[in-house]
Amino acid sequence: MLKIIYGFLIFCSINLYAEDQSDADNFFGREAPVYPTPDHLIGWIDSRQILTLNGEWSYIVDPMNNGLPESSFFGGFPKNKTQKTGMELIEYNFETAAKIQIPGAWNAEDEKLFFYRGPVWLYKKFSHSAKKEALVHLYIEGSNFTTKIFLNGSIVGQFEGGYVPFNFDITEYLKEGENILLVQTDNTLNESSVPTQKTDWWPWGGIVGDVYIVETPREFIQNAYLQLNPENFSEAIFKLEMHDKTSGQRIKLEIPDLQFIDEFTTNSMGLIRETIKINPQLWSPSNPKLYEVIISSNAETISDQIGFRSIKTQGQKIYLNNQEILLKGIAMHSEPIGIPGPAFSKEHFHELLSTAKDLNINFVRAAHYPYTRHLAKVADQFGLMLWEEVPVYWNIDWGNPQTLDIARNQITRLVQRDQNRASVVVWSVANETPLSTPRMKFLHELLSEIEVHDSSRLSTAALLSGSEEQFRSLVLVLALQGAKSQWVSPKEKAIFKLILDQANIPLDSQLSFSLSIDDPLGESVDLISYNEYFGWYYVTFFTDQMMIPEGTLRKLMFEVMPNIKISSSFNKPIHISEFGAGAKFGNHTNKIWSEEYQAELYERQLEMLSKNPQIQGISPWVFKDFRAMLRPLPGIQDFYNRKGLIDEVGNKKMAFEVLADFYENKWNKKASSN
Ligand code: GCB
């Protein structure tokens, strides 16, 4: 039999080779079918009629990507061919395959897959009997990074780009009784994906958010927006959108606690745009008041808990509900405390945020990609302001329209999902992206996309700045400090003096280092955000050049840090979106990687930052040690980025208290106690 197949293969391939190479390629694979893209996002998901598919799924690893219908000669895994007589040749079996928990990442749940980057198939059986008049959708809260979906052997569609929710109408593929859902997730990143190939966090693969079967009426409310009118606190702006542009639909809006009830009718585009009169208590960190909001049509009712607040900047200040506020923040990754893999559940975020609250924060930077919707829901309840971000990170494929589509889609879905969360006060479109014209164009597109959906929050990006020339002057500041210091060795002193001589700087001069954040994107964002690593990375740039031991330069850097000036030519508030140092919990050597070094760096940084009046917010890097492929150092990192204030299981490092004390006792109490 095999011989015949091989004979047939050889015959065909020779034949095809002679005619056309692309036909030959098709013989070994097939032409890729069309994979539809997801539908418009369904909002208010937690109040819909849902069947959860969370729980145990089967999985098969497919490193050669052989299971797709287009890449397999035998039709691929979606056929889900099963043994009937014992004579069928089948080389996979989902029924007997290993099991995994969804939501969850296969590279966290299966040790063998820890470093694996490629396709994995996930399989779930479920029974469902839908109402006749209903539409049935498959909703996935997040799946990394390319996802292909098959239901009962049919192609449902594909979603490119991870972390954000998407849904498909699956009504036509559903069967009464047992259904088989097969999802291929591929966590490979490449130069045109978002994020791009290289990131300082783990590319968790799989379905990393809730999976629901959602039933809606045929004419259903797609999404609705209800937020305070920033111009008038006794008004809210109400926007609603019907699926399929259903016009003339009567919609009732109720906010029982405010005794508000009114009815509206959708226009010819299936939309409502209204200003309503309410007089809510405003949401703030000290009073995170949420109101139940109920929206109903004659076919369905949806509801949510919504807080009302305003956020804006004016000059170099930030205002929450028209009161000046400092953003006392911490940056995070979406990884739970003590559990390997990504954070996805209400419980995960509850624990993360309640532990982070011990830092006396009022703000969290949720870096570098969207987390599941539970984060902002918990933050709403906790009174924590949030920065949400898309994974446009480092140098991505700026000129590629497909890359832009992925990023645009991510920001749109994030905004559509979290537009009613009072906690979300900042949308960030990028992190540390090197300056170039295509980069500017790309990021402007993302900023305009936000503007289309929600202009009520602050926009930002963690910018890059500091020219080579600026940093060269830091060398002189360090040399001057060194030349004047008592503890520096005579040999080192001689080098410092030589450097100063060459630059014509007398020993009795006063020098301090000034950094100006002038990235031209600053023009287009509300908040000038900047990541800086004084005391950690920055000295390593100069050690070779200056021929001075790194230890000496680190010490000098600590001495000069409190006088460093940070400003921006844009008359806007600055947010220091990152600073930090690595430390292994329990390492008390006083050297680099020790808790003491990290704590001292925090002391110096906080002194420096609080002396710079344009800085109105900070979110040090980072709350918890997180998984990172870029961090192999044995015994210290072991593939964790160790800049956490707690380690991966929750042990607090010394710097934790330094920051908590700063926020509680030292940083402009008056303005930030809002
Ligand atoms: C950065 C990046 C962040 C890294 C961090 C670090 O500037 O924004 O993703 O993890 O530095 O630890 O180096």
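Residues numbered from 1 in each chain as written. Predicted model: local features only at pLDDT ≥ 70, side-chain atom pairs only at ≥ 80, totals over all residues. Heavy atoms only, no water.

(A) Fine view of the overall build of the chain. A count of helices and strands for the chain gives 14 helices and 34 strands. Against the compact-globule benchmark of 26 Å for 674 residues, the chain has a radius of gyration of 28 Å, which places it among compact chains. For the chain, the C-alpha atoms occupy an extent of roughly 90 × 75 × 45 Å along the three principal directions. Among the 674 residues that make up the chain, the fraction classed as buried is 59%. When the accessible surface of the chain is summed, it comes to about 27,600 Å², and 51% of that surface belongs to carbon and sulfur atoms. (Helix = DSSP H or I, 4+ residues; strand = E, 2+ residues; numbered from the N terminus. Rg over C-alpha atoms; globule rule 2.2 N^0.38 Å. Buried < 20%, exposed > 50% of the residue type's maximum accessible area, 1.4 Å probe, protein only. Areas by Shrake-Rupley, 256 points an atom, 1.4 Å probe, with all protein chains shown as cover.)

(B) Representation of the site of the ligand. The immediate surroundings of the ligand are formed by 14 residues, with Asp200, Tyr393, Glu432, Tyr537 and Lys643 found nearest. One of the side-chain nitrogen or oxygen atoms of His368 is found 2.6 Å away from an oxygen atom of the ligand. Interatomic distance of 3.1 Å between a side-chain N/O atom of Arg631 and an oxygen atom of the ligand. (Near = heavy atom within 4 Å. Polar contact = N/O pair within 3.5 Å; in protein donor to acceptor, adjacent residues only side chain to side chain.)

(C) A look at the packing of aromatic side chains. Across all of its chains, the model carries 41 aromatic pairs by this definition. Both rings, one in Phe159 and one in Phe166, keep their centres 4.4 Å apart while their planes meet at 25°; by these two values the pair is stacked. One exposure class covers both Phe159 and Phe166, and it is buried. In this structure an aromatic cluster arises from ring pairing among Phe145, Tyr163, Trp201, Phe349, Tyr369, Tyr371, Tyr393 and Trp394. Between Arg554 and the ring centre of Trp536, over which it is positioned, the NZ or CZ distance is 5.6 Å. When the ring centre of Tyr640 is taken as origin, the NZ or CZ atom of Arg627, which lies over that ring, is 3.9 Å away. (Phe/Tyr/Trp six-rings, centres within 6.5 Å; stacked < 30°, edge-to-face > 60°. Lys NZ or Arg CZ within 6 Å of the ring centre and 35° of its normal.)

(D) A look at the sheet that holds strand β13 (residues 221-229). Here 3 strands make up an open sheet; going across it, the order is β13-β14-β17 and the pairing antiparallel. At either margin of the open sheet sits one strand with a lone partner, and together these are β13 and β17 (271-277). On average, each strand axis in the sheet is inclined to that of its neighbour by 15°, with strand direction left out of account. Where β13 lies against strand β14 (residues 232-242), 8 bridges are found, and the strand directions are antiparallel. From the neighbouring strand, Leu226 faces β14, where its bridge partner is Phe238. (Pairing = 2+ DSSP bridges. Axes fitted to C-alpha atoms, helices over the stretch in contact; angles between N-to-C directions.)

(E) The arrangement of the domain arrangement of the chain in detail. Segmenting the chain into domains produces domain 1 (1-30), domain 2 (45-217), domain 3 (223-298), domain 4 (314-466 + 518-542 + 569-673) and domain 5 (467-517 + 543-568). Taking only C-alpha atoms, the centre of domain 3 and the centre of domain 5 are 58 Å apart. (Domains from an automatic or database assignment.)

(F) Seen up close, the sheet that holds strand β10 (residues 177-186). Reading across the sheet, the 6 strands line up as β3-β2-β4-β10-β7-β8 and stay open at both edges, with antiparallel pairing between neighbours. Both outer strands of the open sheet, β3 (98-102) and β8 (154-160), are each paired with one neighbouring strand and no more. The mean angle between the axes of side-by-side strands here comes to 30°, regardless of whether they run parallel or antiparallel. Bridge count between strand β7 (residues 146-151) and β8: 6 bridges; the pairing is antiparallel. The partner of Phe150 across the bridge, within β8, is Ile155.

(G) Layout of a positive patch on the surface. A surface patch of like charges, here positive, comprises Arg30, Lys79, Lys81 and Lys84. Within the secondary structure layout, Lys79 lies in the loop between β2 (55-61) and β3. (Patch = residues over 30% accessible without salt bridge, like charges linked within 9 Å, V, L, I, M, F, W, Y side chains within 5 Å. Salt bridge = Lys/Arg side-chain N within 4 Å of Asp/Glu carboxyl O. Lys, Arg positive; Asp, Glu negative; His and termini not counted. Charge placed at Lys NZ, Arg CZ, Asp CG, Glu CD.)

(H) The arrangement of the pattern of salt bridges in detail. Taken as a whole and judged by the stated rule, the model has 32 salt bridges. Note that Asp454 is salt-bridged to Arg457, the shortest N-O span being 3.1 Å. We note that Asp454, like Arg457, is buried. The closest approach of N and O atoms between Glu550 and Arg554, which form a salt bridge, is 2.8 Å.

(I) Focus on the packing of helix α8 (residues 468-484) against helix α9 (residues 490-502). Put simply, α8 and α9 touch, their axes get as near as 8 Å, and they point 135° apart. In terms of axis orientation, α8 runs oblique to α9. Between α8 and α9 the crossing geometry is left-handed. Contacts between α8 and α9 involve Val475, Leu476, Leu478, Ala479, Leu480, Gly482 and Ala483 from the first element and Lys493, Phe496, Lys497, Ile499 and Leu500 from the second. Looking at the contact of α8 with α9, its residues break down into 9 nonpolar, 1 polar and 2 charged. (Parallel < 35°, antiparallel > 145°, perpendicular 65-115°, else oblique. Left-handed = near helix turned anticlockwise from the far one by under 90°. Contact = heavy atoms within 4.5 Å. Nonpolar A, V, L, I, M, F, W, Y, C, P; charged D, E, K, R; others polar.)

(J) Main features of the side chain of Arg421. Structurally, Arg421 is set in the loop between α6 (401-418) and β26 (424-431). Assessed through its relative accessible area of 4%, Arg421 is described here as buried. With sequence-adjacent residues up to four places away left out, Arg421 is seen in contact with Asp304, Gln305, Ile306, Arg309, Ala376, Lys377, Asp380 and Arg457.

(K) Examining the nonpolar core more closely. In this structure, Trp57, Ile170, Val392, Phe534, Ile566, Ile618 and Phe623 are the most contacted members of the largest nonpolar core, which totals 148 residues. The biggest single contributor to this core is α8, with 8 residues. Contact partners of Ile170, with chain neighbours within four places excluded, come to Val136, His137, Leu138, Leu151, Val156 and Ile213. (Core = buried A, V, L, I, M, F, W, Y, C linked by side-chain atoms within 4.5 Å.)

(L) Molecular detail of the environment of Trp593. Turning to its location among the elements, Trp593 is positioned in the loop between β31 (574-578) and α12 (595-610). Look at Trp593 and you get buried, because its relative accessible area is 18%. For the pair formed by Trp593 and Lys484, sequence separation is 109 residues and the distance between their alpha carbons is 28 Å.

(M) Quick look at α12. Under the 1.5 Å per step criterion, the end-to-end length of α12 is 22 Å for 16 residues, consistent within 8% with the ideal 22 Å. Where α12 is buried, its residues contact α11 (550-560), β30 (565-568), β31, β32 (615-618) and α13 (654-666). (Expected span 1.5 Å × (residues − 1).)

(N) Region of interest: the confidence of the model for the chain. Looking at the chain, pLDDT values average 93 and 95% of them are 70 or higher. Segment residues 1-21 is flagged for pLDDT under 50; beyond a separation of four residues in sequence, or across chains, it makes 10 contacts in the model. Throughout residues 670-674 the model reports pLDDT below 50, and contacts reaching past four residues in sequence, or to other chains, amount to 15 contacts. (pLDDT = per-residue confidence, 0-100.)

(O) Region of the structure containing the pairing of strand β25 (residues 385-389). The buried count for β25 comes to 5 of 5 residues, which makes it a mostly enclosed element. Burial along β25 is two-sided: Met385, Trp387 and Glu389 and Leu386 and Glu388, pointing in opposite directions, are all buried. Alignment of strand β24 (residues 363-366) against β25, held across 4 bridges, turns out to be parallel. In the strand pairing of β25, Arg365 is matched with Trp387. Across 4 bridges, β25 lies against β26 in parallel orientation. Across the sheet, the residue bridging to Leu386 is Val424, located in β26. The parallel pair β25 and β26 is bridged by α6, and the resulting crossover is right-handed. (Right-handed = clockwise from strand over helix to strand, strands pointing away.)

(P) Quick peek at the packing of α6 against helix α7 (residues 437-453). Between α6 and α7, the shortest axis-to-axis distance is 10 Å and the interhelical angle comes to 30°. With respect to their mutual orientation, α6 and α7 come out roughly parallel. Relative to α7, the crossing made by α6 is right-handed. Where α6 abuts α7, its residues Thr403, Leu404, Ala407, Arg408, Ile411, Thr412, Val415 and Gln416 lie against Phe442, Glu445, Leu446, Glu449, Ile450 and His453. In the contact of α6 with α7, the residues fall into 7 nonpolar, 4 polar and 3 charged.

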